[in-house]
Amino acid sequence: MTRLPACPLCGGPRLPDHPGGLVIRHRQRCRHGLAELARQAADADEARTRVGPWLRPATWTERNLLESVGVQLSAEPMVEVLYLTPSVRRRTFTDARGEVVDLDADASPEAEVNR
Ligand SMILES: [Zn+2]
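Since this is a predicted model, take the numbers as computed values, not measurements. (Residues numbered from 1 in each chain as written. Predicted model: local features only at pLDDT ≥ 70, side-chain atom pairs only at ≥ 80, totals over all residues.)

**Quick word on the nonpolar core**
The tendency in soluble globular proteins is for nonpolar side chains to be buried side by side.
Step number 1: Core analysis: the biggest nonpolar cluster contains 10 residues, these being C7, L22, I24, A58, L65, L66, V79, F93, V101 and L103.
Step number 2: Discounting residues that sit within four places of it in the chain, L66 has contacts with V71, L73, F93 and V101. (Core = buried A, V, L, I, M, F, W, Y, C linked by C-beta atoms within 7 Å. Buried ≥ 20, exposed ≤ 12 C-beta atoms within 10 Å, placed from the backbone. Contact = placed C-beta atoms within 7 Å.)

This is the structure in structure tokens:
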């Protein structure tokens with residue numbers, strides 16, 4: 001749906017085409033980065049009790065990162081979490097229309113045509 005080039009708070013770059021999807025290299029002490037680290041630790045704990053993907057509510061930071069690039073989420077967005085490997089967590093978000101958010105797609109249909 002749209003590209004997320006960087007964190008709106010610290011300007012840290014998103015790693016494009018990363019299998020984890022929403023993966024940003026936050027600058028030191030970025031509030032989003034600290035929140036993401038805490039969520040990652042909580043997800044890693046949860047993964048030890050799970051087999052396969054699970055759903056949880058999106059965090060405020062996840063919502064803010066996506067909404068900063070124009071992704072419209074539902075009122076109570078959920079995130080699908082899946083560990084591809086023991087260290088690679090993939091989060092899948094769906095927008096308010098129920099479509100999967102593709103952070104690596106170009107922002108507009110015109111960009112696709114003009115390649
Ligand atoms: Zn940041």
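Here the narrative resumes, following the displayed structure.
**Details of the sheet that holds strand β1 (residues 54-57)**
Step number 1: With respect to topology, 3 strands assemble into an open sheet ordered β1-β2-β3, the strand pairing being antiparallel. The open sheet is flanked by β1 and β3 (88-93), the only strands paired with a single partner. Direction aside, neighbouring strands of the sheet carry axes that sit 35° apart on average.
Step number 2: In the sheet, β1 pairs with strand β2 (residues 78-85) via 4 bridges, with the strands oriented antiparallel. Each residue of the ladder has a partner; that of P57, found in β2, is M78. (Pairing = 2+ DSSP bridges. Helix = DSSP H or I, 4+ residues; strand = E, 2+ residues; numbered from the N terminus. Axes fitted to C-alpha atoms, helices over the stretch in contact; angles between N-to-C directions.)

**Focus on the environment of P16**
Step number 1: As for its placement among the helices and strands, P16 is situated in the segment before α1 (31-47).
Step number 2: A C-alpha to C-alpha distance of 8.1 Å links P16 and P5, two positions 11 residues apart in sequence.

**Focus: the packing of α1 against helix α2 (residues 60-67)**
Step number 1: Running from N to C, α1 and α2 point in directions that differ by 130°, and their axes come no closer than 9 Å. Classified by the angle between their axes, α1 and α2 sit oblique to one another. Pair α1 / α2 crosses with left-handed handedness. Counting all contacts with α1, which are made through H32, A35 and E36, the residues of α2 involved are T61, N64 and L65.
Step number 2: Of the residues that constitute the contact of α1 with α2, the class distribution is 2 nonpolar, 3 polar and 1 charged. (Parallel < 35°, antiparallel > 145°, perpendicular 65-115°, else oblique. Left-handed = near helix turned anticlockwise from the far one by under 90°. Nonpolar A, V, L, I, M, F, W, Y, C, P; charged D, E, K, R; others polar.)

**Description of unusual backbone geometry**
Step number 1: A positive phi is found at D17, a non-glycine position, where the angle reads about 60°.
Step number 2: If you trace the backbone, D17 turns up in the segment before α1.

**Digging into the environment of A96**
Step number 1: Its location among the elements puts A96 in the loop between β3 and α3 (109-113).
Step number 2: Taking the C-alpha atoms as reference, A96 lies 7.9 Å from A75; in sequence the two are 21 residues apart.

**Some words on the pairing of β3**
Step number 1: Alternating positions in β3 separate cleanly, R89, R91 and F93 being buried on one face and V88, R90 and T92 remaining unburied on the opposite face.
Step number 2: Two strands pair when backbone bridges link them, and β2 and β3 are joined in this way by 6 bridges, in the antiparallel orientation. Its bridge partner lying in β3, L82 is registered against R90.
Step number 3: The turn joining β2 and β3, which pair antiparallel and follow one another in sequence, is formed by 2 residues.

Purely spatial values, then, with no claim about function.
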